[in-house]
Every structure is written in structure tokens, then in C-alpha cells.
Amino acid sequence: MIRLTKVELRRLTARRLTLIGVAGLFLITALLLVATWFDAQPLSAAEQQQAERQFQLAHKDWVDHAAENRAQCEADWKTQPDPKPTVDDMCSYPEPKLEDYGKPPTVFAQIMPDLLQGSSYFLAFAAFLIGASFLGAEFSSGAIGNWLTFEPRRLRVYGSKLLAAATGFVPIAAVVLAIVLLGTFLIVDHLGDTAGTTSKTWGDLSAIGGRAVLTTALAAALGCIVGLLLRHTAAAIGLVMAYLVLAEGVFAAFLEKAQPWLVKVNFDAFVRHDAQYYVTECKTGNDGSYVCDYVQKTLTFEHGAWYLAILAVLAILLGGWVFHRRDIN
């Protein structure tokens, strides 16, 4: 099995699509860092002066009219129908602060989790694409039949291909995420704020990166399975795009409460260690009015981990059964 996996790894790294895909990953990574550089740029001197003038005007207005605005708001609060917020929530007018005006400094600990999550998306997509091509092309060309004449034990061949695709992307994903992490730190350290970065912050970010590496390996293996089932790379890509548009887009918009059973939310919950989504909850008020609110829900890390694990096991078993029983030709 180990020897077969080494052979499949050499075949994977020798494919043209693999080289193009990896080059594309590093190009996207470079563009991501360039975008981070521009986003972290502080305001110019003229823009800072304009922000300070806006602050001074707002602060003067607060000083002159704070009591008047509070009294008017309290009067309006008394006429509001139930249910209504507390008077402090509705009529709170905090004093304006200079740091609230203009562009706030970019904080490394705040932006990095989102950047790692975004990186996990394009890593998983690239891994799935290359994995689907890795096995789908063998069926399209008929090479899989020739290979089975040398190694007729199908399940060993199947396992070696999945293992090669998954392990082959582990170092690639690790390098890409390390470049994103360290590159962003250097950019923000020069242009923004890294003062609040602690050992706990680095530990949390490393955990997100580690889970992103794992999902990349899983996506590569699932790509192989879909390529095996459909026997064509284009069909595998079309299936994924159809799922993203119909299930994650249209279906999720109409049936919001079904979101915990879709792939994306569970993917996010696993990578980010919990994920939030929104559902619409409507109720009738005491005055007979019908009110709808967006309510934030949390999908736990454990739910996401079990969901992805069960999905992977079922897909691997299905792919193994099909490859073992179906006629290659």
C-alpha cells in the first residue's frame, strides 16, 4: 500500500493540471496579501484632518443638544407599542470619540481568522478540482484499466489514490496558510496594530490553520471520489457548482432552518470552531402587529466535525463499493 501510494504521489505531482493549480494557489495568495496591504494603508494627512473636523462638529452638537435629544427620545419611547426596548437602549447617546472617526487601524488579531477562513475556501476548491481530475482523467483516457492489469486488487488501488491525493495537498496547504499568516503579520505590523497579539492568539490561529489543512486534504479525497463516480472531470465540477448554486444558494435562502445540514455552515463551524448563521423568526405582538426579526444561531464545532466526518466516511465507502463492483469499461 505504501509503495502504491508513493507511485500515485509521483503521478499526481507530475500532472500538468496539478502544477497549474498549485501555481494558481500561490498567485491567489500573493493577490490576497496585496489586497491586505492596500486595506491596511492608513489615512493620508488630509483625510485625517477631515476626520478630525467631523469629530469636532459631532462633539459640539452632542454637547449642545444631548439633554434635548434625550428628553425627546424618552417622550417618543413612552408612545412606543409593546414589546419595546428599554429606555436606556433606545435613548443612549454616548459622547463621540476621536477614534470613532476616520479609518480605524487594522488589527492583526481581528482580520486574521477571516483571512484564514477565506484561504481555506480556495484551498478546498483547488484540492477538489485537482483530485477530481486526478481520477476522472484516468477513466476518460482508459488508463485505469491498464493500471489494474498490473495491480488487480482494486481496493488497494482505490485507497492508494485517495491517500496520495489527500497527503499530497497537506504540505501545499500548510505552506500557503503559513505565507498568508506570516505575510499578513508583517504587513499589519508595518501599517496597523499587532500589539494585542498574544501566545493565545497564535495558538488559535494555528488551530484554524491546522483544521484548514485537514479540510483541504478531505476535499482532495472527495474530489477523487466524485471523479470516480462520474468518470469525468467536467462532470464533477458541474456537480459541485450546481450544489453551490441550488443547495447553498437557493435552497438555503428559502429554507433557512435547514442550514445546519448544508456543507458550507458545517465547514465554517469546523474551521472556525463554531459558526453563526441567521434565521427569520416572526411573531405577533400584543397589539396584533406581525413582526419578523433576524435571529443569530450558532452551529457548534462538534456538529461540524461530526458532519464532515460522517460525510467523508459515507463517500469513501460508496466510492470503494462502486470501484470494486462496477465494470471499468
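My aim in this report is to walk through the structure given alongside it, one point at a time.

About the thresholds
Residues numbered from 1 in each chain as written. Predicted model: local features only at pLDDT ≥ 70, side-chain atom pairs only at ≥ 80, totals over all residues. Heavy atoms only, no water. Helix = DSSP H or I, 4+ residues; strand = E, 2+ residues; numbered from the N terminus. Rg over C-alpha atoms; globule rule 2.2 N^0.38 Å. Buried < 20%, exposed > 50% of the residue type's maximum accessible area, 1.4 Å probe, protein only. Areas by Shrake-Rupley, 256 points an atom, 1.4 Å probe, with all protein chains shown as cover. Lys, Arg positive; Asp, Glu negative; His and termini not counted. Charge placed at Lys NZ, Arg CZ, Asp CG, Glu CD. Core = buried A, V, L, I, M, F, W, Y, C linked by side-chain atoms within 4.5 Å. Contact = heavy atoms within 4.5 Å. Salt bridge = Lys/Arg side-chain N within 4 Å of Asp/Glu carboxyl O. 1 Å grid on protein atoms, 1.4 Å probe; cavity = no way out; pocket = protein on both sides within 12 Å on 5 of 7 lines; lining within 4 Å. Points joined across faces, edges and corners; volume = space filled by probe spheres on them. Nonpolar A, V, L, I, M, F, W, Y, C, P; charged D, E, K, R; others polar.

**Concerning the overall build of the protein chain**
And step 1. Scanning the protein chain from terminus to terminus reveals 11 helices and 2 strands.
And step 2. Reading the secondary structure of the protein chain in the N-to-C direction produces α-α-α-α-α-α-α-α-α-α-β-β-α.
And step 3. Against the 2.2 N^0.38 benchmark of 20 Å for 329 residues, the protein chain shows a C-alpha radius of gyration of 27 Å, more extended than a compact globule.
And step 4. Summarising its shape, the C-alpha atoms of the protein chain cover approximately 90 × 55 × 30 Å along the three principal directions.
And step 5. Counting the 329 residues in the protein chain, one finds 37% classified as buried.
And step 6. As displayed, the protein chain has an accessible area near 18,900 Å², and 64% of this comes from carbon and sulfur atoms.
And step 7. Here the protein chain contributes 27 positive and 30 negative side-chain charges, whose respective centroids are spaced 19 Å apart.

**Quick notes on the nonpolar core**
And step 1. Formed by 53 residues in total, the largest nonpolar core has its most connected members in Met112, Leu123, Leu228 and Phe323.
And step 2. For this core, the secondary-structure elements that each account for two or more residues are α2 (16-39), α5 (108-141), α7 (154-191), α8 (199-230), α9 (233-254), α10 (263-272) and α11 (301-325).
And step 3. A total of 15 residues in this core trace back to one element, the largest contributor, which is α5.
And step 4. Not counting the four nearest positions on each side in its chain, leucine 123 is found in contact with Leu25, Ala173, Val176, Leu177 and Thr216.
And step 5. By size, the runner-up hydrophobic cluster in this structure holds 6 residues, among which are Val265, Ala269, Ala275 and Tyr277.

**Details of the pattern of salt bridges**
And step 1. Tallied over the full model, the rule gives 3 salt bridges.
And step 2. With its nearest N and O atoms 2.8 Å apart, the salt bridge here joins aspartate 114 to arginine 272. One end of the pair, aspartate 114, is in helix α5; the other, arginine 272, is in helix α10, and 158 residues separate them in sequence.

**Observations concerning the side chain of glutamine 259**
And step 1. Of note, glutamine 259 is situated in the loop between α9 and α10.
And step 2. Apart from residues no more than four positions distant in its own chain, glutamine 259 is found in contact with Ala252, Val265, Tyr277, Tyr278 and Val279.

**Points about the layout of surface pockets**
One water molecule sets the probe size; rolling that probe over the atoms shows where empty space is left.
And step 1. In this structure, the largest pocket spans a volume of roughly 870 Å³.
And step 2. The wall of the largest pocket is formed by 25 residues, among which Phe128, Leu222, Val240, Tyr243 and Val263 lie closest to the centre.
And step 3. Listed by contribution, the elements that provide at least two residues to the lining of the largest pocket are α5, α8, α9, α10 and α11.
And step 4. For the lining of the largest pocket, the element with the most residues is α8, which contributes 8 residues.
And step 5. Split by residue class, the lining of the largest pocket holds 22 nonpolar, 1 polar and 2 charged.

**With respect to unusual backbone geometry**
And step 1. In this structure, histidine 273 is a non-glycine residue whose phi angle is positive, near 60 degrees.
And step 2. Assignment of secondary structure puts histidine 273 in the loop between α10 and β1 (275-284).
And step 3. For histidine 273, a relative accessible area of 40% corresponds to the partly exposed category.
And step 4. We note that aspartate 274 has phi near 100 degrees; this positive angle belongs to a residue other than glycine.
And step 5. As for its placement among the helices and strands, aspartate 274 is situated in the loop between α10 and β1.

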